[in-house]
Amino acid sequence: MSEKQNPDEFYSKLKTQLYDTASWPAVYLYKFIVLSDPKKIGEIEGIFNDLGAVIKTQPSKNGKYTSISINAKMKDPESIIEKYKEVSENVEGVISL
């Protein structure tokens, strides 16, 4: 999401795109980037623990940042957006891709 874009508009557009491109439930790939801080990585992983998600982490070349990829079976676009919001509200400095 770009910094200038209104979050509500972004999520509304994402919801429409998700309904148009998949049948539900479906596996969805989340991608996040955070500073390589075990606490921040753990917070993100904790948000997805109840979903049986497959979580992969990859540190950046210099080790300052970590990319987190999460595959989770989601019931509908609303549940996807809820998780994005939960991560952005609970993990400072996270970048959602």
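Residues numbered from 1 in each chain as written. Predicted model: local features only at pLDDT ≥ 70, side-chain atom pairs only at ≥ 80, totals over all residues. Heavy atoms only, no water.

A. Structural detail: unusual backbone geometry. The residue after W24, namely P25, is reached through a cis peptide bond having omega 5°. You can see P25 is positioned in the loop between α1 (7–21) and β1 (26–35). (Helix = DSSP H or I, 4+ residues; strand = E, 2+ residues; numbered from the N terminus.)

B. How the structure looks around the pattern of salt bridges. Under the definition given, this model contains 3 salt bridges. D50 is the salt-bridge partner of K83, the closest N and O atoms lying 3.7 Å from each other. Of this pair, K83 sits in helix α3 (residues 77–90) while D50 sits in the loop between α2 (38–48) and β2 (54–59); the two residues are 33 residues apart in sequence, bridging distant segments of the chain. Take D50: its relative accessible area is 62%, and that puts it in the exposed class. E86 is paired through a salt bridge with K83; the nearest N and O atoms lie 3.6 Å apart. One end of the pair, E86, and the other, K83, are both in helix α3, 3 residues apart, so they sit about a helical turn from each other. Given the relative accessible area of 30%, E86 is considered partly exposed. One network of salt bridges, in which partners are shared, links D50, K83 and E86. (Salt bridge = Lys/Arg side-chain N within 4 Å of Asp/Glu carboxyl O. Buried < 20%, exposed > 50% of the residue type's maximum accessible area, 1.4 Å probe, protein only.)

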